[in-house]
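Listed below, chain by chain, are the residues.
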Amino acid sequence: MAIIYDREQGLLTLHTLHSTYQMGISSYGHLLHLYYGRRAEGSFLPLLSLRDRGFSGNPYDAGNDRSYSADTLPQELSAFGNGDYRHSGFRLRTADGACGSDLRFEEARRYPGKYRLPGGLPAADAFRTEGEESGAESLELRLRDSRSGTLVRLLYAVYEEEDILTRAVIVENAGAEPVWIEQADSAALDFPRGHFDLVHFSGSYGNERLYHRERLSAGEKSIGSSRGASSHQHNPFVMLCTADSTEDSGEVYGLALVYSGNFRISAEVDQLGQTRLSAGMMDTHFSWRLGSGEQFCCPEAVLGFGEGFAVLSQRFHRFTSRHILHGTFMKARRPVLLNSWEGCYFDFDGTRILRLAEEAKELGIELLVMDDGWFGKRDNDLSGLGDWQCNTKKLGMPLGVLAEGIRERGLRFGIWIEPEMVSEDSALFREHPDYAFRIPGKEPIRSRMQLVLDFSRQEVVDRIFRDLSETLREAKPDYIKMDMNRSIMEAYTHAQPAAGESCADGTMQNRGALLHRYMLGVYDFLRRMQAAFPETLIEGCCGGGGRFDLGMLYFTPQIWLSDNTDAIERLSLQYGASFGYPISAVGAHVSAVPNHQTGRSTPLATRAVAALSGSFGYELDPAALSPGERAEIRQQIEIYKRYYVLLHEGDYYRLSGAAMGCAAAGFGADGNMGSDSFSAWLTVSSDQTEALLSVVTRTQHCNTPAEYIRLRGLRRGREYRIAPVMQSAEWYLPKEKEALLFHRFTGDVLMERGIPLPLLPGEYQSLLLHLREV
Ligand code: GLA
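Note that this is a predicted model, so its numbers are computed, not measured.

Enquirer: Honestly, the sheet that holds strand S31 (residues 651-654) in this entry has me stumped. Any pointers?
Expert: Within a sheet, adjacent strands bond to each other through the backbone by hydrogen bonds, running parallel or antiparallel. Ordered in space as S31-S32-S33-S38-S35-S36, the 6 strands form an open sheet in which the pairing is antiparallel. Among the strands making up the open sheet, the edge pair consists of S31 and strand S36 (744-746). For this sheet, the mean inter-axis angle between neighbouring strands, taken without regard to orientation, is 30°. Pairing geometry for strand S35 (residues 719-727) and strand S38 (residues 766-773), over 7 bridges, is antiparallel. Paired with isoleucine 722 across the bridge in S38 is leucine 771. Those strands touched by helix H11 (residues 604-612) are strand S32 (678-684), strand S33 (690-697), S35 and S38, and its axis lies near 50° from that of S38. Of the strands in this sheet, S35, S36 and S38 are in contact with helix H14 (residues 734-742), which crosses S35 at around 130°.

Pasting the structure below:
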């Protein structure tokens, strides 16, 4: 049994195979967080530190007992007004303007299977039908604020085998008057001891998911987004780890939100050195009116614990692949695609697309994606968004004919859309200017010359879905790339106020609430697209990785990681993404050189080695390739197919530190693993009989000391043989190569010493090696 409720002791224990999470009900009925970490039996309740700390208030019913304070005790969900001066995960305002709740435990209920979330949010296993086995066990805890009558339901699911827990919060107004939720976090973890680092993945457009590791000290460190999307700048996956943590050791906690909108994750070290990690929707500007009888559901949070980063990452990878992704492409091999963007930008017609298809077919590519520019009046990014009718004049043929033409040439057909946006120069905007978010009397903030459609309104979602699905039905796309190319500034709806709402009281136009409704509209749109095109692979995109999170992955099993296709920069981006996300989630393409973003030239093999650790494709004009390059690409695609299962289902190990080659420089050193002269990573099959090692060199110096790449995850006592799969250049010293390829090595030797980093001429060289047990 994964969940144990000891009613007598007031103890709630959640066990996975290797971790334990424990809560206790205090003598006053507060739900305290007692422990999360390595699997442990027994009660942590008697170990609470109960001391009078001064200036930390006490609940009224504690009488003269000054040792009991919400300000110093670890809380499961800290309620604002309850005596806790740290970040509160729950803040409720009542009609009289007061914010002060006191959540007390009422009851607990355990049940097999995964809890359900109402209200349209994505969640782990939400796609399973009732009764279908998810492998999870659930717990529901009910807390009540007696003053307002509000009920707070805390939901937990235990994925024993995956070593993962999920959490969610549902707030129900059981009182007669409306209440306003001003803060509702999805999860919090309180640690009574320890010095922690916060690891987060922040960056900018073109520099998404860069690894940052910071020592926490007194005060609060928070990251988040108020841009309407989870953003390029920050990511709703973080890790909290003990200061000594490495890939293989240390106490490491992972937390991810299954949400794609505004969020906030903070780590706070309090007056006693205790650490609180909390995560939820963005609180700034958030206020949600909850009428009598209504309920509000917070996004789900996913929690994991592991000893070392490697094992924690693998747990998140496995969990995401099994319980977040769903549909045909949860397991099916992702097709190798050619995307038209960097090869053509807006400059194409149907004939050019068909020619691309012919050339792609000749290379072994399986799917052709026609990117931006096929609809409305769209020869640049100044116009046309919102008009989802095919521009047959530009293409020179109807969309259905083009799609058929691509299929006749032996490829599958993919297409780009950006449903949430509208150009001012579009028929849709002229017809319905009220469909865009705009503040009356103020010129809107433009970004890429486009405005954001108000997806909080059902009729707007309906209209876009109707137009797009009608157009796409004609083409029956096998793949859709769903983009979103700006942040949201003005959130102001022109919808008619619903009963009980008025613009005047500020509730209807509350930015936080509106942007949450917007996000629910986006999810609704995606759900309908999935139902309309069940066999279609939808790839997420937001100017690259501006909405790269578990919420989107629920609908779009792969997401374009970045518009930055430079192979060397990608190493840093993919390194960062690998901590929380499986490689199948990461859209990765080989593009032309000199690279369009950086001007850097790298060997074709190096670009492929980088992209192979992702959902693989190309983004270039095949007509510009030499015969030699064509042959190389054919081979790369064979390699991708041959090693797909190993790459996508194997255990992923980082073998080098964060490469600080790009904009990450200046944000502080990695602190994880040393050298930045190379990047290396490894995937090992679950039975440990084979592995694929990828190595890319970044810098080259004269007479360097020997560097060894220490492998991980192999089996001790077993022997492996190493074979080359792909390389960008011949080894400089043939003897080194011979020594490595000729001998057999035990797993012990490869893990204790590792293989010497081969001398390859110049920078940006790469090697792909296959290891097989003999
Ligand atoms: C975004 C995407 C690109 C491309 C363009 C098209 O920037 O990230 O891949 O689709 O839009 O406008």
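Enquirer: Sorry if this is basic, but what is going on with the environment of glycine 376 here?
Expert: Residue placement: glycine 376 occurs in the loop between strand S22 (367-370) and helix H4 (392-395). As for glycine 376 and alanine 427, which are separated by 51 residues in sequence, their C-alpha atoms are 8.5 Å apart. Those residues in contact with glycine 376, other than ones at most four positions away along the chain, are Asp387, Gln389 and Asn391.

Enquirer: Which parts of the structure should I look at to understand the packing of helix H7 (residues 458-475) against helix H8 (residues 511-532)?
Expert: Running from amino to carboxyl end, H7 crosses H8 at an angle of 30°, the nearest separation of the two axes being 10 Å. Considering their axes alone, H7 and H8 lie roughly parallel with respect to each other. Seen from above, H7 lies across H8 with right-handed handedness. Residue-level inspection shows Gln458, Val461, Asp462, Ile464, Phe465, Leu468, Leu472 and Arg473 of H7 in contact with H8, the latter providing Gly521, Asp524, Phe525, Arg528, Met529 and Ala532.

Enquirer: Please clarify how the pairing of strand S16 (residues 263-269) should be interpreted in this entry.
Expert: One face of the sheet, then the other: side chains in a regular strand alternate in exactly this way. Among the 7 residues of S16, 7 are classified as buried, and the element is accordingly described as predominantly covered. Every second residue of S16 is oriented toward a common face, with Phe263, Ile265, Ala267 and Val269 on one face and Arg264, Ser266 and Glu268 on the other, all of them buried. Alignment of strand S13 (residues 219-225) against S16, held across 7 bridges, turns out to be antiparallel. In the strand pairing of S16, isoleucine 223 is matched with isoleucine 265. Sheet topology places S16 next to strand S17 (residues 275-281); 7 bridges connect them, and they run antiparallel. Of the residues in S17, the one forming a bridge with glutamate 268 is arginine 276. Connecting S16 to the antiparallel partner S17 that follows it, the hairpin turn spans 5 residues, and glycine 273 within it adopts a positive phi of roughly 80°.

Enquirer: Looking at this structure, how should I read the site of the ligand?
Expert: Residues in close proximity to the ligand total 13 residues, the closest being Asp371, Asp372, Arg448, Lys481 and Asp563. Lysine 481 has a polar side-chain atom sitting 2.7 Å from an oxygen atom of the ligand. One of the backbone nitrogen or oxygen atoms of glycine 544 is found 3.1 Å away from an oxygen atom of the ligand. Per-class residue counts for the shell around the ligand are 4 nonpolar, 3 polar and 6 charged.

Reading guide: rules and limits
- Residues numbered from 1 in each chain as written.
- Predicted model: local features only at pLDDT ≥ 70, side-chain atom pairs only at ≥ 80, totals over all residues.
- Heavy atoms only, no water.
- Pairing = 2+ DSSP bridges.
- Helix = DSSP H or I, 4+ residues; strand = E, 2+ residues; numbered from the N terminus.
- Axes fitted to C-alpha atoms, helices over the stretch in contact; angles between N-to-C directions.
- Contact = heavy atoms within 4.5 Å.
- Parallel < 35°, antiparallel > 145°, perpendicular 65-115°, else oblique.
- Left-handed = near helix turned anticlockwise from the far one by under 90°.
- Buried < 20%, exposed > 50% of the residue type's maximum accessible area, 1.4 Å probe, protein only.
- Near = heavy atom within 4 Å.
- Polar contact = N/O pair within 3.5 Å; in protein donor to acceptor, adjacent residues only side chain to side chain.
- Nonpolar A, V, L, I, M, F, W, Y, C, P; charged D, E, K, R; others polar.

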